[in-house]
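Structural features, examined
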Amino acid sequence: RMAPSDDTGLGGCQAVDRSAVSATVSAYFWRVGEGALEGVELTDRIRGGIAQLPQLANASFRVTYLSDGSRMPDVVQQNWESGEVAVSRHTLDGQWAVEIDISTLREDVEELCDYHEVCHCLASECVYPGADRAAWQDRDSLPIRDVTEEPRVLQATSSPQTGIRPLSMSPIPQHLMKQVTVLFGIDVEESGPLLGAPGRLWSFDSRIDFNNVWTQRIMKSICDDMPYDLMVFADSCVMDSFYDFVRVRSGGSGLFFPTEDFHGDMLSFVNPAFNGAAFQRQFWQDLWFGEGDQSGRLMALKLEFPTAAPSDSEKLKQFKAKWDDYISSKNAEASKHFGSGARAWHTAEIWKEAVAVEATLESVQVTIVLAIALGLLGSWIFTQMLKLAMMVMLSVVLVICWQLFFMVTMMKWKIGAIEVISLIVFIGYSITYCIHLVHAYATHTTGSEGQGSVKARHKRTAFALGAMGGAIMGSATTTLVSAVFLLFCQVVIFTKFGAVICAITLLSIFFSLVFLPALLMGFGPIPDSERSCAPKLLTTCVASRYEQAVDDTIAESGSEVSSEESG
């Protein structure tokens, strides 16, 4: 590149003195980058470049080499659109004196400037905006050699493909696609009031500055760097359309994006006079402009992305995690440039299901443990025997495990909200049969019996089955008959609940009338009748003592009658 002006910080311009015989200006050859020139005679190149200057057309001049160049401070270059920064080596390869014959100059030439030629050798080419850009002219490229020490070795890459694919490539129809919205400038309250109607749960985020070049770069990079695995298919993104708008308006020259007046340019972007009413309707709903003192100022912006989101709950959860990671990476990139300012966040209707399922699954373990603990406490209160309470909860835990096996393995259901609710709600239902049985076991007395007596266990278990077995079977039968009708419903939630009720009832019958009695006959606790009534409830204790007193009275009366008859 060459320019008859001082654009590099060295040299300058001088007015033409027509009374003088000649005028002398300087010429410089600059090199940016690590490339080395091969077979180039710089003096001849400088002479050829000066001869092409319009100001020196048909003029006589002489080029004299003055001195070698020197290493200059490195050049820091920034890609204005992306913000990427590169540092390049900068050298002055030579300086020449150019003596110009004044008599051969054109009459309209009033000023002579130093000559500069810059070679971008294996480095990004600088773009000079505005009038300065027009002052520079392209010359033929130079043969250069890469002199970097590290060898250039081709390496395999596993970087995922990025970008928004056109809508025509979507694997599902457009009407089945789900919208994911990324917002800038909106601050949302995390929770509403406990009582009363919720107020306004969002506000404009005053921390965001849309005129900040990095804010604009991040917003556009969200569209440009969209990973393919986020399944976005769209024909346009508001930032891409805005980018094209400012590029066309600037004629494609100079530095047009990011803009210095983002608010005003956005107003022009959605102005029907520029792009038509249909264009305004397409993007106006994506922008929030201020009112009053903030009139004409962009307050918030949203980017909408149609996605081919999965319908399966587990896959949807993983899909949302990918969006979380992508937006988090963009926020982390933004934090490097404007600290802890406003951040982007994403939302979608489909996230409700993913969040609900995730929250339910995370809390189900705690809920089941708490329900079992409360069931153990309740069983202990009613039986006054910790061992009996533990036997009841063992039966309940086995019922829950078999219920889970029924839903996941036999019915092939995926764990969702209905399945989790079924596990939790029916814990209380399954415990009732067992606790009735052990309560009858605990309250029955068999007279004088030793601790751990097998005969006493059998008598107590037989009494419990005889007293409560019929009631348990009757209750289970009515429940089963009522639930059978749900199996023939068309709504899935009803059929699932019907199947769960039938399964939990059958399992409860088995574990309360088969498993638990066997457990009681083998390991059931036997309270010592000679001890106080602490192991029993107060009412049961009083009734037992009353029955024992009656039996003792009858026995004593019988012995007295026998004595009189014998006498």
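Definitions and cut-offs
- Residues numbered from 1 in each chain as written.
- Predicted model: local features only at pLDDT ≥ 70, side-chain atom pairs only at ≥ 80, totals over all residues.
- Heavy atoms only, no water.
- Helix = DSSP H or I, 4+ residues; strand = E, 2+ residues; numbered from the N terminus.
- Buried < 20%, exposed > 50% of the residue type's maximum accessible area, 1.4 Å probe, protein only.
- Contact = heavy atoms within 4.5 Å.
- Salt bridge = Lys/Arg side-chain N within 4 Å of Asp/Glu carboxyl O.
- Core = buried A, V, L, I, M, F, W, Y, C linked by side-chain atoms within 4.5 Å.
- Disulfide = S-S within 2.5 Å.
- pLDDT = per-residue confidence, 0-100.
- Expected span 1.5 Å × (residues − 1).
- Phe/Tyr/Trp six-rings, centres within 6.5 Å; stacked < 30°, edge-to-face > 60°.
- Lys NZ or Arg CZ within 6 Å of the ring centre and 35° of its normal.
- Pairing = 2+ DSSP bridges.
- Axes fitted to C-alpha atoms, helices over the stretch in contact; angles between N-to-C directions.
- Parallel < 35°, antiparallel > 145°, perpendicular 65-115°, else oblique.
- Nonpolar A, V, L, I, M, F, W, Y, C, P; charged D, E, K, R; others polar.
- Patch = residues over 30% accessible without salt bridge, like charges linked within 9 Å, V, L, I, M, F, W, Y side chains within 5 Å.
- Areas by Shrake-Rupley, 256 points an atom, 1.4 Å probe, with all protein chains shown as cover.

1. Focus on the overall build of the protein chain
Within the protein chain, the secondary structure is distributed over 14 helices and 15 strands. Counting across all 567 residues of the protein chain, residues that qualify as buried make up 39%. Considering only intrachain contacts with a sequence separation of at least 6, the fraction spanning at least 24 residues in the protein chain is 73%.

2. A word on the pattern of salt bridges
If you walk through the whole model with that rule in mind, you get 15 salt bridges. Between Asp-324 and Lys-320 there is a salt bridge; the shortest N-O distance is 3.2 Å. Of this pair, Asp-324 and Lys-320 both sit in helix 8 (residues 313-338), four residues apart, roughly one helical turn. With a relative accessible area of 15%, Lys-320 lands in the buried category. Among the ionic pairs, Lys-352 bridges to Glu-349, the shortest N-O distance being 3.1 Å. Just as Lys-352 is exposed, Glu-349 falls in that class too.

3. As for the nonpolar core
One finds Leu-388, Val-392, Val-396, Val-438, Leu-516 and Leu-520 to be the most contacted residues of the largest nonpolar core, which totals 46 residues. Considering every element that reaches this core, the biggest residue donor is helix 11 (residues 417-443), with 13 residues. Excluding its chain neighbours within four sequence positions, the residues that come into contact with Leu-520 are Leu-388, Met-391, Val-438, Tyr-441, Arg-457 and Thr-461. In terms of nonpolar packing, the next biggest core, distinct from the first, is built from 42 residues, Phe-184, Ile-208, Ile-222 and Ala-354 among them.

4. Looking at the state of the cysteines
The full count for this structure, using the stated rule, is three disulfides. In this model, Cys-13 is linked to Cys-113 through a disulfide, with the two sulfur atoms separated by 2.0 Å. Taking the sign of the torsion about the S-S bond as the criterion, the disulfide between Cys-13 and Cys-113, at about 105°, is right-handed. Pair noted here: Cys-13 is in strand 2 (residues 13-15) and Cys-113 is in strand 7 (residues 111-113), with a separation of 100 residues, a long-range link.

5. Comments concerning the confidence of the model for the protein chain
Chain-level statistics for the protein chain give a pLDDT mean of 79 and a share of 81% at 70 or above. Contacts from residues 448-452, a stretch scored under 50 in pLDDT, to residues over four places away or in other chains number 13 contacts.

6. Examining the side chain of Lys-496
Mapped onto the secondary structure, Lys-496 falls in helix 13 (residues 492-523). A relative accessible area of 17% means that Lys-496 is categorised as buried. Not counting residues within four places of it along the chain, the set of residues in contact with Lys-496 comprises Trp-413, Ile-418 and Glu-419.

7. Here we look at helix 8
Compared with the 38 Å implied by 1.5 Å per residue over 26 residues, the 37 Å span of helix 8 between its first and last C-alpha is a close match. For helix 8, every residue scored as buried is listed here: Leu-316, Phe-319, Lys-320, Trp-323, Tyr-326, Ile-327, Lys-330, Asn-331 and Ala-334.

8. Considering the packing of aromatic side chains
Applying the stated criterion across every chain yields a total of 17 aromatic pairs. Measuring from ring centre to ring centre gives 5.3 Å for Trp-202 and Phe-204, while their planes differ by 85°; the resulting arrangement is edge-to-face. Centre to centre, the rings of Phe-210 and Phe-262 are 5.9 Å apart; their planes meet at 15°, and the pair counts as stacked. Here Phe-210, found in the loop between strand 12 (202-204) and helix 3 (213-224), pairs with Phe-262, found in helix 5 (residues 262-269); they are 52 residues apart in sequence, far enough to count as distant. For the pair shown, Phe-210 and Phe-262 are each scored as buried. Joined through ring pairs, the aromatic side chains of Phe-210, Phe-242, Tyr-243, Phe-245, Phe-257, Phe-262 and Phe-269 make up one cluster. Over the aromatic face of Tyr-441 sits the side chain of Arg-460, whose NZ or CZ is 5.8 Å from the ring centroid.

9. A word on the pairing of strand 14 (residues 298-307)
Along any regular strand the residues' side chains alternate between the sheet's two faces. With respect to burial, strand 14 is a largely interior element, nine of its 10 residues being buried. Pairing between strand 10 (residues 178-184) and strand 14: seven bridges, direction antiparallel. Its bridge partner being in strand 14, Lys-178 is matched across the sheet by Thr-307. With three bridges joining them, strand 13 (residues 287-289) and strand 14 adopt antiparallel strand pairing. Paired with Trp-288 across the bridge in strand 14 is Ala-300.

10. Thoughts on the packing of helix 4 (residues 238-249) against helix 5
Contact pair helix 4 / helix 5: the axes reach a minimum separation of 10 Å and the direction vectors enclose 95°. When the axes of helix 4 and helix 5 are compared, the pair comes out roughly perpendicular. On the side of helix 4, the interface is formed by Val-238, Met-239, Ser-241, Phe-242, Phe-245 and Arg-249, while helix 5 contributes Phe-262, Asp-265, Met-266, Ser-268 and Phe-269. Its residues assigned to classes, the contact of helix 4 with helix 5 shows seven nonpolar, two polar and two charged.

11. Focus on the sheet that holds strand 14
Read from one edge of the open sheet, four strands run 13-14-10-15, paired in antiparallel fashion. What marks the edges here is a single partner per strand, and that holds for strand 13 and strand 15 (345-347). The mean angle between the axes of side-by-side strands here comes to 20°, regardless of whether they run parallel or antiparallel.

12. A word on a nonpolar patch on the surface
Taken together, the side chains of Leu-370, Leu-374, Leu-377, Trp-380, Ile-381, Phe-382, Leu-386 and Met-390 present a nonpolar region at the surface, about 830 Å² in accessible area. Contributing elements (two or more residues each) for the nonpolar patch: helix 9 (350-383) and helix 10 (386-410). Here the nonpolar patch gets six residues from one element, more than from any other, and that element is helix 9. Looking at the secondary structure, you find Phe-382 in helix 9.

13. Quick look at the environment of Ser-313
Along the chain, Ser-313 turns up in helix 8. Residue Ser-313 is classed as partly exposed on the basis of its relative accessible area, which comes to 23%. Spatially, the C-alpha atoms of Ser-313 and Ala-354 are 6.3 Å apart, while their sequence positions differ by 41 residues. If sequence neighbours within four positions are ignored, Ser-313 has contacts with Glu-353 and Val-357.

14. Quick look at helix 5
Within helix 5, six of the eight residues are buried, which leaves it mostly tucked inside the rest of the structure. Those residues of helix 5 lying buried are Phe-262, His-263, Asp-265, Met-266, Ser-268 and Phe-269.

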